[in-house]
Amino acid sequence: MLSRLIGSDTATAQLKEGLTTSSRAVTSIAHRVSNAGTPDFAEALDAAAAGNEGEVDLEREMVSLVDEVIRFETAASLLQKVYQQVRSSIRER
Amino acid sequence: MSDGSIPIGVRRPMRPLGIAASGLTAQRARIDAILSNIANAETTRGVDGTPYRRKSVELQEVSFQEAFEGATETGGVEGFGGVRVAGVTEDPSDFILQYDPKHPDSDEDGYVLMPNVSIEDEMVDMMTAKRHFEANASVFEAIKSMLRRAAQL
């Protein structure tokens, strides 16, 4: 019964996956932003090779940061609702 | 742990915070160097008797490869991502020759060797460092709110 709510083939599993994805994305953003002033920063050099300027674009990183935080918040809120359902279904009959 | 890299033993969920913190430390070190340069912009007698040389902080990326996988729970410093202060370098460019016969350090022709510091350049560097510091602070706050939210689930 519970596996219908929190099993691996439910929306809950996707929400959990979403949390992981967002936190990984934010870790990458943290890494890029912390190296914004680093000369010879590998990812910036890659960007330079791809035709962009060889520098971390702080504005773009800030936009992605907010994007990821909002996604995380949303997934967390939805997940919290699911867990509430589980809790109340355990408590009441 | 003054080089700003993530200390050994930072727990895995807190590592993104450590990355942002390493950025804050690195930018603060940059600002410290700039402050020293501005304070010594007219120092004609440095520690070795020669005019002050412009200092700059050398930043280095800490490998990000094992930030998610591979690194053990309390693994080494390398592989967590972020940035570290690799060292302080002195600007080898020439000193500025200034005509000031009244200066105690002037030569017989009245010229003084002044530090190779340009206040304008330092101010521009300061603005950049400050902006980078603020960006890292925003990332830190964002990660903190996410961790707190995750703890509420």
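Keep in mind that this is a model prediction, so the values were computed, not measured.

A. Looking closely at the overall build of chain B. For chain B, the count of helices and strands is two helices and four strands. The N-to-C order of helical and strand elements in chain B reads α-β-β-β-β-α. Out of the 153 residues belonging to chain B, those deemed buried represent 33%. Long-range contacts, defined here as pairs at least 24 residues apart, represent 64% of the contacts in chain B between residues at least 6 apart.

B. Region of interest: the overall build of chain A. In terms of regular secondary structure, chain A is built from four helices and zero strands. When its helices and strands are written in sequence order, chain A yields α-α-α-α. The C-alpha atoms of chain A give 19 Å as radius of gyration, which overshoots the globular expectation for 93 residues (12 Å, by more than 25%). Overall, chain A is about 65 × 20 × 15 Å in size when its C-alpha atoms are taken along their principal axes. Here chain A, with 93 residues, has 25% of them falling under the buried criterion. The contacts in chain A between residues at least 6 apart in sequence include a share of 65% that link residues at least 24 apart.

C. Looking closely at the environment of B:Ala135. Tracing the backbone shows B:Ala135 in helix α2 (residues 119-152). Taking the C-alpha atoms as reference points, B:Ala135 and B:Leu24, 111 residues apart in sequence, are found 8.9 Å from one another. In this structure B:Ala135 touches A:Val33, A:Ala36, A:Leu58 and A:Met62, once residues within four positions along its chain are discounted.

D. Representation of the interface of chain B and chain A. Of the residues lining the interface, 32 residues belong to chain B; the matching set on chain A comes to 26 residues. Sorting the residues of the side of chain B that touches chain A by element identifies α1 (15-39), β1 (55-61) and α2 of chain B as the ones contributing at least two each.

E. Spotlight on the environment of A:Ala44. Along the chain, A:Ala44 falls in helix α3 (residues 42-49). The buried category is assigned to A:Ala44, around which 21 C-beta atoms lie within 10 Å.

F. Examining the packing of helix α2 (residues 11-34) of chain A against α2(B) more closely. With their axes 10 Å apart at the nearest point, α2(A) and α2(B) run at an angle of 160° to one another. In terms of orientation, α2(A) lies roughly antiparallel with respect to α2(B). In this structure, the crossing between α2(A) and α2(B) has a hand that is left-handed. From α2(A), A:Leu19, A:Ser23, A:Val26, A:Ile29, A:Ala30, A:Val33 and A:Ser34 reach across to α2(B), where they touch B:Ala135, B:Asn136, B:Val139, B:Ala142, B:Ile143, B:Met146 and B:Ala150. For the contact of α2(A) with α2(B), a count of residues per class yields 11 nonpolar, three polar and no charged.

G. Focus on α1(B). Under the 1.5 Å per step criterion, the end-to-end length of α1(B) is 36 Å for 25 residues, consistent within 8% with the ideal 36 Å. For α1(B), a buried count of 18 out of 25 residues is recorded, marking the element as mostly surrounded by other parts of the structure.

H. Highlighting the nonpolar core. A:Ala30, B:Ala20, B:Val139 and B:Ile143 are the most contacted members of the largest nonpolar core, which has 36 residues in total. Of all the secondary-structure elements, those providing two or more residues to this core are α2 and α4 (58-91) of chain A together with α1, β1, β2 (83-90) and α2 of chain B. Considering every element that reaches this core, the biggest residue donor is α1(B), with nine residues.

I. A look at α2(A). Its 24 residues place the ends of α2(A) 34 Å apart at the C-alpha level, agreeing with the 34 Å of an ideal helix rising 1.5 Å per residue. All of the buried residues along α2(A) are A:Thr12, A:Ser22, A:Val26, A:Thr27, A:Ile29, A:Ala30, A:His31, A:Arg32, A:Val33 and A:Ser34. On its buried face, α2(A) sits against α1 (2-6), α3 and α4 of chain A together with α1, β2 and α2 of chain B.

J. Focus on the confidence of the model for chain B. All names here are of chain B. In this model, chain B carries a mean pLDDT of 85, and residues with pLDDT of at least 70 account for 82%. The spread of mean pLDDT over the elements of chain B runs between strand β3 (residues 96-99), the lowest at 91, and α2, the highest at 94. Predicted confidence is poor over residues 67-78, with pLDDT under 50, and the contacts of this stretch with residues over four places away or in other chains come to 19 contacts. Confidence estimates for the predicted assembly give a pTM of 0.82 and an ipTM of 0.84.

K. Seen up close, the confidence of the model for chain A. Mean pLDDT over chain A: 86, with 95% of residues reaching 70 or higher. Confidence, expressed as mean pLDDT per element, reaches its minimum in chain A at α3(A) with 72 and its maximum at α4(A) with 92.

Rules behind the numbers
Residues numbered from 1 in each chain as written. Chains lettered and ligands numbered in written order. Predicted model: local features only at pLDDT ≥ 70, side-chain atom pairs only at ≥ 80, totals over all residues. Helix = DSSP H or I, 4+ residues; strand = E, 2+ residues; numbered from the N terminus. Buried ≥ 20, exposed ≤ 12 C-beta atoms within 10 Å, placed from the backbone. Contact = placed C-beta atoms within 7 Å. Rg over C-alpha atoms; globule rule 2.2 N^0.38 Å. Axes fitted to C-alpha atoms, helices over the stretch in contact; angles between N-to-C directions. Parallel < 35°, antiparallel > 145°, perpendicular 65-115°, else oblique. Left-handed = near helix turned anticlockwise from the far one by under 90°. Nonpolar A, V, L, I, M, F, W, Y, C, P; charged D, E, K, R; others polar. Expected span 1.5 Å × (residues − 1). Core = buried A, V, L, I, M, F, W, Y, C linked by C-beta atoms within 7 Å. pLDDT = per-residue confidence, 0-100.

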